[in-house]
Amino acid sequence: MSIQPSPSSPPKAPAADTERVLIVGGGPAGLSMACALADAGISSCVLEAAPLSALQDPAEDGREIALTHPGRAVLEALGQWALLPPEEIAPLRRAHVFNGEAPEHLGFGTTDGQGELGYLVANHWLRRIAYRAVERRADRIELRTDCRVSGLNLNATPELAEVRLSTGESLRAPLVIAADSRFSTVRRMAGIGAQMRDFGRSVIVCRLAHSGPNEGIALECFHYGHTLALLPLNGGCSSLVLTVSAERAAEMQAWDAERFRAWVQAQLQGRLGEISLASPRHLYPLVACYAHRFTTRRLALVGDAAVGMHPVTAHGYNFGLYGVQKLANILGTAHAQCQDLGDAALLQRYAAKHRRRTWAIYQGTNAVVNLFTDERAPARLLRKGVLQIARRLPPLQAAISAQLTGRTPPLPLPLLRGLQALRAIRS
Ligand SMILES: Cc1cc2nc3c(=O)[nH]c(=O)nc-3n(C[C@H](O)[C@H](O)[C@H](O)COP(=O)(O)OP(=O)(O)OC[C@H]3O[C@@H](n4cnc5c(N)ncnc54)[C@H](O)[C@@H]3O)c2cc1C
């Protein structure tokens, strides 16, 4: 199904093959990509496997997305942020990290103690505002739903790539952008490999209502055998993110609501007061991915198809938004100069910039996950030592806070090397 131009915009025939870009995937990254291209004067056609209703009114999926300040800035520039009801934006003021049962914590906040570290917004809201922003640009965006891409030919002609749809139809364009999730089939069909990291763990997420205040503070409790994160939401609620082995997650997901609630209540040791479950529970296997390349001939990867993060450092969709902005800027300038949008040098510039922005944080996040989920005695000792050192080093805390807020360039190389060394010691 295609969405029609809104009544206020003039009816417009679909752009010719050479004048539009094909975007595979109408998730938040693909829809935001279409919006950013439209604002740069470039028409696109978004091809999405799901039905239109799933985009218009996305179901609650338990994910609460922590947005950085630069992530919010991209949503503002795309006119999406203003579409969020204020009560759906929860400020994240501080984060407290606990190790095992130890009462002391490592705290992160903004360097001046003012303002927010970031913002929490439900994923279904981010998807909804991305769709609404697309609707408002219907003169430059064609959206085809119930439309699965099943084939790719990047050499259809010297000027055009071609995608094949499961209906048998083919579409051509100078550039294909893949935004079809971390398990991207387009990436695979293009022969681009990816570093896939299966953590062997799953997260169970749901909303909790509680009698005590959360004060805008996220709690990250690294217990032995499981990790419990509580993300502060508005209205006396928090989002629970429980990480356990895949097997244990399946078992706990089968518990009835009261058994699960009582278990979480016991783990919280009185923090947040009396709790109750305020939404269904959702389960996600934890798999991270980093594409070996972000571009190839007439193809660029964005969103999770390029970098799919472990959620612990909350960068996944933020990275998607940074990539969207970068690629749209480059293509917008090229379009204004009537350049070929599939030009390899242009795409390479996007790839190099996106890699610089994401690679160190991807590796750093995986190193942190390794350290904090290894249950062996030396790793436990190392973890305790790292937290103690960090507590005594305010500049390190400030550097990590800056990373969380997205307010600094990528992790300095020495810090990354340190994380890698820790990983090497651990194994
Ligand atoms: C538990 C959890 C917590 C998270 N927390 C955070 C956080 O705090 N901060 C943060 O920034 N990020 C977070 N993330 C990550 C964030 O949710 C993702 O980065 C983001 O949703 C990815 O969007 P996307 O559009 O790239 O991919 P997706 O949302 O996966 O969308 C891909 C789309 O492509 C479509 N598609 C796939 N194949 C085809 C095909 N062949 N043809 C046509 N269409 C196709 C799919 O139907 C889908 O609509 C979290 C993720 C999880 C699981």
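Scroll up to find the structure this text is about.
Just so it is clear, the structure is predicted and the values come from calculations on it, not from any experiment.

**A short note on the layout of surface pockets**
There is about 300 Å³ of room inside the second largest pocket. Its residues assigned to classes, the lining of the second largest pocket shows six nonpolar, five polar and six charged.

**Let's talk about the sheet that holds strand S7 (residues 118-122)**
Taking strand neighbours across the sheet as the criterion, the three strands line up as S3-S7-S4 in an open arrangement whose pairing is antiparallel. Of all strands in the sheet, those with a lone pairing partner are strand S3 (64-67) and strand S4 (90-92), marking the two edges. Taken pair by pair, the neighbouring strands of this sheet meet at an average axis angle of 30°, ignoring direction. Note: S3 against S7, four bridges, orientation antiparallel. If you follow Ala66 over to S7, its bridge partner there is Leu120. Each of S3 and S7 touches helix H4 (residues 123-135); the most contacted strand, S7, lies at about 80° to it.

**As for the side chain of Thr157**
Tracing the sequence through the fold places Thr157 in the loop between strand S9 (149-153) and strand S10 (161-165). In terms of polar contacts, Thr157 uses its side chain to reach the backbone amide nitrogen of Leu160, at 2.8 Å. Not counting residues within four places of it along the chain, the set of residues in contact with Thr157 comprises Arg172 and Arg297.

**A few points about the packing of helix H1 (residues 28-39) against H4**
Two elements in contact, H1 and H4, have axes separated by 9 Å at closest approach and are oriented at 30°. Judged by the inter-axis angle, H1 sits roughly parallel to H4. The element H1 and its partner H4 pack so that their crossing is left-handed. Two secondary-structure elements touch here, H1 through Pro28, Leu31, Ser32 and Cys35 and H4 through Arg127, Ala130, Tyr131, Ala133 and Val134.

**Here's the deal with the site of the ligand**
The immediate surroundings of the ligand are formed by 29 residues, with Glu48, Arg63, Ala66, Asp304 and Tyr317 found nearest. The backbone of Tyr317 places a nitrogen or oxygen atom 2.7 Å from an oxygen atom of the ligand. Here the ligand loses 87% of its free accessible area of 1,000 Å² to cover by the protein chains. Of all the secondary structure elements, the ones that give two or more residues to the shell around the ligand are H1, S3 and helix H8 (316-336). For the shell around the ligand, the residue count by class is 15 nonpolar, eight polar and six charged.

**Brief notes about the pattern of salt bridges**
Evaluated as defined, the whole model comprises twelve salt bridges. A salt bridge links Arg72 to Glu76; the shortest N-O distance between them is 2.8 Å. On the criterion of helical spacing, the pair formed by Arg72 and Glu76 is a turn pair, its members being four residues apart in helix H3 (residues 69-77). Taking relative accessible area as the criterion, Arg72 reaches 23% and is therefore assigned partly exposed. The residue Glu162 makes a salt bridge to Arg164 at a minimum N-O spacing of 3.7 Å. For Glu162, a relative accessible area of 12% puts it in the buried group. Among the charged side chains, a salt-bridge network with shared partners connects Glu142, Arg144 and Glu169.

**Focus: the environment of Gly118**
Structurally, Gly118 can be placed in strand S7. When the C-alpha positions of Gly118 and Ile65 are compared, they lie 10.0 Å apart, and in sequence the two are 53 residues distant. Excluding its chain neighbours within four sequence positions, the residues that come into contact with Gly118 are Leu67, His69, Ala90, Pro91 and Leu92.

**Some words on the sheet that holds S9**
Pairing within the open sheet is antiparallel, and its three strands lie in the order S9-S10-S11. A single partner strand is all that each edge strand has here, and the edge strands are S9 and strand S11 (170-173). With strand direction ignored, the average angle separating the axes of adjacent strands in the sheet is 25°. Relative to S10, S9 runs antiparallel, the two being bridged by four bridges. Bridge assignment links Leu152 to a residue of S10, and that residue is Val163.

**Quick word on unusual backbone geometry**
For Ala314, which is not a glycine, the phi torsion comes out positive at approximately 55°. Within the secondary structure, Ala314 is located in the loop between strand S21 (307-308) and H8.

**Regarding the packing of aromatic side chains**
All told, the structure shown has five aromatic pairs when counted by the stated rule. Centre to centre, the rings of Trp255 and Trp263 are 6.4 Å apart; their planes meet at 65°, and the pair counts as edge-to-face. Summarising the burial analysis for this pair, Trp255 and Trp263 share the class buried. With a centroid separation of 6.0 Å and an interplanar angle of 55°, the aromatic rings of Phe319 and Tyr322 are classed as tilted. Residue Phe319 and its partner Tyr322 are located together in helix H8, separated by three residues, close to a single helical turn. For Phe319, a relative accessible area of 1% translates into the label buried. Feature note: the residues Tyr290, Phe294 and Tyr362 constitute an aromatic cluster, connected by ring pairs. The ring of Tyr119 carries the charged tip of Arg72 above its face, separated from the ring centre by 4.9 Å. When the ring centre of Trp125 is taken as origin, the NZ or CZ atom of Arg128, which lies over that ring, is 4.8 Å away.

Conventions adopted
- Residues numbered from 1 in each chain as written.
- Predicted model: local features only at pLDDT ≥ 70, side-chain atom pairs only at ≥ 80, totals over all residues.
- Heavy atoms only, no water.
- 1 Å grid on protein atoms, 1.4 Å probe; cavity = no way out; pocket = protein on both sides within 12 Å on 5 of 7 lines; lining within 4 Å.
- Points joined across faces, edges and corners; volume = space filled by probe spheres on them.
- Nonpolar A, V, L, I, M, F, W, Y, C, P; charged D, E, K, R; others polar.
- Pairing = 2+ DSSP bridges.
- Helix = DSSP H or I, 4+ residues; strand = E, 2+ residues; numbered from the N terminus.
- Axes fitted to C-alpha atoms, helices over the stretch in contact; angles between N-to-C directions.
- Contact = heavy atoms within 4.5 Å.
- Polar contact = N/O pair within 3.5 Å; in protein donor to acceptor, adjacent residues only side chain to side chain.
- Parallel < 35°, antiparallel > 145°, perpendicular 65-115°, else oblique.
- Left-handed = near helix turned anticlockwise from the far one by under 90°.
- Near = heavy atom within 4 Å.
- Areas by Shrake-Rupley, 256 points an atom, 1.4 Å probe, with all protein chains shown as cover.
- Salt bridge = Lys/Arg side-chain N within 4 Å of Asp/Glu carboxyl O.
- Buried < 20%, exposed > 50% of the residue type's maximum accessible area, 1.4 Å probe, protein only.
- Phe/Tyr/Trp six-rings, centres within 6.5 Å; stacked < 30°, edge-to-face > 60°.
- Lys NZ or Arg CZ within 6 Å of the ring centre and 35° of its normal.

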